[in-house]
Amino acid sequence: SPAGMVLSVLVILLLSVLYEAVKMGKAVLLRRALLALPRSLSQEALTEPQQGDSGPAQGSPSLMAFPISFPRWFWFHVGQTLFHVVQVVLGYMVMLAVMSYNAWIFLGAIAGSTLGYFM
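Residues numbered from 1 in each chain as written. Predicted model: local features only at pLDDT ≥ 70, side-chain atom pairs only at ≥ 80, totals over all residues. Heavy atoms only, no water.

> I tried to follow the pattern of salt bridges on my own but got confused; where do I start?
Between side chains of opposite charge, a pair can form when the charged atoms approach closely. Applying the stated criterion across every chain, the model contains one salt bridge. Salt-bridge contacts for Lys23 lead to Glu20; the nearest nitrogen and oxygen are separated by 3.2 Å. Pair noted here: Lys23 and Glu20 are both in helix 1 (residues 2-36), with a separation of three residues, about one helical turn. Relative accessible area serves as the criterion here: at 32%, Lys23 is assigned to the partly exposed category. (Salt bridge = Lys/Arg side-chain N within 4 Å of Asp/Glu carboxyl O. Helix = DSSP H or I, 4+ residues; strand = E, 2+ residues; numbered from the N terminus. Buried < 20%, exposed > 50% of the residue type's maximum accessible area, 1.4 Å probe, protein only.)

Dropping the structure here:
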């Protein structure tokens, strides 16, 4: 029916817009994750002994504690992983709809992708 086809095209259009939004959200989260990385993990910080240290643990990077911001970076990475899973699922759903070889569905996917990227 014509109403069903219009609804199908709108759903595919919205899925394509959502796909582009998730893609941009993942990029924003990556930027935040990179900013959350600790800046104190330079070579000098790992090899310089601390004042008052003695013994074999001196300068050993494996025995040093993780920086305070490590859990924040970890949660950004978990968020990126979830965004990636959602992006892959949406991408496969849109691809499966396009593989129905319906020109209107294809145009809905293209229009949604264009609109999502523009926004």
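> Would you mind showing me how to read the nonpolar core here?
Across soluble globular proteins, nonpolar side chains show a tendency to be buried alongside one another. Of all hydrophobic cores here, the largest spans nine residues; its members are Val9, Ile12, Leu15, Val22, Leu90, Val94, Ala97, Ile105 and Ala109. Mapped onto this core, the elements with two or more residues apiece are helix 1, helix 3 (70-98) and helix 4 (103-118). Top element by residues in this core is helix 1. It accounts for four residues. Ignoring any residue separated from it by four or fewer positions in sequence, one finds Ala97 in contact with Ile12 and Ile105. (Core = buried A, V, L, I, M, F, W, Y, C linked by side-chain atoms within 4.5 Å. Contact = heavy atoms within 4.5 Å.)

> Would you explain the UniProt feature "transmembrane region" (unreviewed entry) in the protein chain in this entry?
Look at the UniProt record and you will see "transmembrane region" (unreviewed entry) annotated at residues 6-22. End C-alpha to end C-alpha, residues 6-22 measures 24 Å, and it is 100% helix and 0% strand. (UniProt positions renumbered as here; feature names shortened; annotations may be inferred.)

> Explain helix 4 here, please?
Count 3.6 residues to each turn of an α-helix, and residues three or four apart come out pointing the same way. Helix length check: helix 4 (16 residues) gives 22 Å between terminal C-alpha atoms against 22 Å at 1.5 Å per residue, within 8%. All of the buried residues along helix 4 are Ile105, Gly108, Ala109, Gly112 and Gly116. The arc that holds every buried residue of helix 4, seen down its axis, measures 100 degrees, which confines them to one face. Exposed and facing more than 90 degrees away from the buried side of helix 4 are Ala103, Trp104, Tyr117 and Phe118. Here helix 4 starts with a cap whose side-chain oxygen sits 2.9 Å from the backbone nitrogen of Trp104, and that cap is Asn102. (Expected span 1.5 Å × (residues − 1). Arc of directions from axis to C-beta. Polar contact = N/O pair within 3.5 Å; in protein donor to acceptor, adjacent residues only side chain to side chain.)

> Would you mind showing me how to read the packing of helix 1 against helix 4 here?
A pair of packed helices can be characterised by two numbers: the angle between their axes and the separation between those axes. As a packed pair, helix 1 and helix 4 sit with axes 7 Å apart at the nearest point and diverge in direction by 35 degrees. With respect to the hand of their crossing, helix 1 and helix 4 are arranged in right-handed fashion. Every residue of helix 4 that contacts helix 1 at Met5, Ser8, Val9, Ile12, Leu13, Ser16, Val17 and Glu20 is listed here: Trp104, Ile105, Gly108, Ala109, Ala111, Gly112, Ser113, Leu115, Gly116 and Tyr117. Looking at the contact of helix 1 with helix 4, its residues break down into 11 nonpolar, six polar and one charged. (Axes fitted to C-alpha atoms, helices over the stretch in contact; angles between N-to-C directions. Left-handed = near helix turned anticlockwise from the far one by under 90°. Nonpolar A, V, L, I, M, F, W, Y, C, P; charged D, E, K, R; others polar.)

> Help me understand the environment of Leu14, please; the structure alone is not making it clear to me.
With respect to the secondary-structure elements, Leu14 resides in helix 1. Look at Leu14 and you get exposed, because its relative accessible area is 55%. Separated by 97 residues in the primary sequence, Leu14 and Ala111 have C-alpha atoms spaced 9.5 Å apart.

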